[in-house]
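Each chain, letter by letter, is given below.
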Amino acid sequence: MTTPGEAPEELPIAGDDDVVRVRQLVRGYAQRVKLSLVDQTKLVTATSELARNTLIYGGGGFATVEVVTRGSRQGVRASFRDEGPGIPDLTLALADGWSSGSGLGLGLSGSRRLVDEFDLDTGVGRGTTVTVVKWKR
């Protein structure tokens, strides 16, 4: 599903400046695949929240961003991974309207609504990986 010959870009997330860099990288990829301005904004908003979650709750980690293709469609995939404590109550964390209060107020459910594909893998004591995809319409 990745674009042949193109390696994903990986950025560390260890501080607030890194969250900004991730946001800028994602916007560049979204413009490159010609997502609409609305879809660019949705993707950048979701990934900004996920990068901040990686920093705050995971103690830092990495973001990986790449162009993906499926048939004739192109999109942007962004993955966020940390080796933090994991999410102890996934049902609560994914509940609409639930937020810890320290992010953008979207929570994971808000981020999930802004993208076309959302995958979350977590376990107590083994960290969290969230992968999102936004497809060009």
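Here is a short report on the structure shown in this document.

Cut-offs and rules
- Residues numbered from 1 in each chain as written.
- Predicted model: local features only at pLDDT ≥ 70, side-chain atom pairs only at ≥ 80, totals over all residues.
- Heavy atoms only, no water.
- Pairing = 2+ DSSP bridges.
- Helix = DSSP H or I, 4+ residues; strand = E, 2+ residues; numbered from the N terminus.
- Axes fitted to C-alpha atoms, helices over the stretch in contact; angles between N-to-C directions.
- Contact = heavy atoms within 4.5 Å.
- Core = buried A, V, L, I, M, F, W, Y, C linked by side-chain atoms within 4.5 Å.
- Buried < 20%, exposed > 50% of the residue type's maximum accessible area, 1.4 Å probe, protein only.
- Polar contact = N/O pair within 3.5 Å; in protein donor to acceptor, adjacent residues only side chain to side chain.

To continue, consider the sheet that holds strand E4 (residues 117-123). Strand pairing in a sheet relies on backbone hydrogen bonds, with the paired strands running either antiparallel or parallel. Reading across from one edge, E1-E2-E3-E5-E4 is the order of the five strands in this open sheet, with antiparallel pairing throughout. Pairing within the sheet leaves two strands with one partner each, and these edge strands are strand E1 (9-13) and E4. Taken pair by pair, the neighbouring strands of this sheet meet at an average axis angle of 15 degrees, ignoring direction. As paired strands, E4 and strand E5 (residues 127-135) are joined by seven bridges and run antiparallel to one another. The residue bridging Leu-120 from the neighbouring strand is Val-130, located in E5. The strands that helix H1 (residues 16-32) touches are E1, strand E2 (61-70) and strand E3 (73-82); relative to E1, the one it contacts most, it runs at about 160 degrees.

Within the largest apolar cluster, 29 residues are counted, with the highest numbers of intra-cluster contacts made by Ile-13, Val-22, Leu-43, Val-65, Phe-80 and Val-132. Of all the secondary structure elements, the ones that give two or more residues to this core are H1, helix H2 (37-56), E2, E3, helix H4 (107-114) and E5. When sequence neighbours within four positions are dropped, the list of residues in contact with Val-22 reads Leu-11, Ile-13, Ala-51, Ala-63 and Phe-80.

Within the secondary structure layout, Gln-40 lies in helix H2. For Gln-40, a relative accessible area of 8% corresponds to the buried category. At 3.0 Å, the side chain of Gln-40 and the backbone oxygen of Leu-35 are in polar contact. The contacts of Gln-40, once residues within four sequence positions are left out, are Arg-27, Ala-30, Gln-31 and Leu-35.

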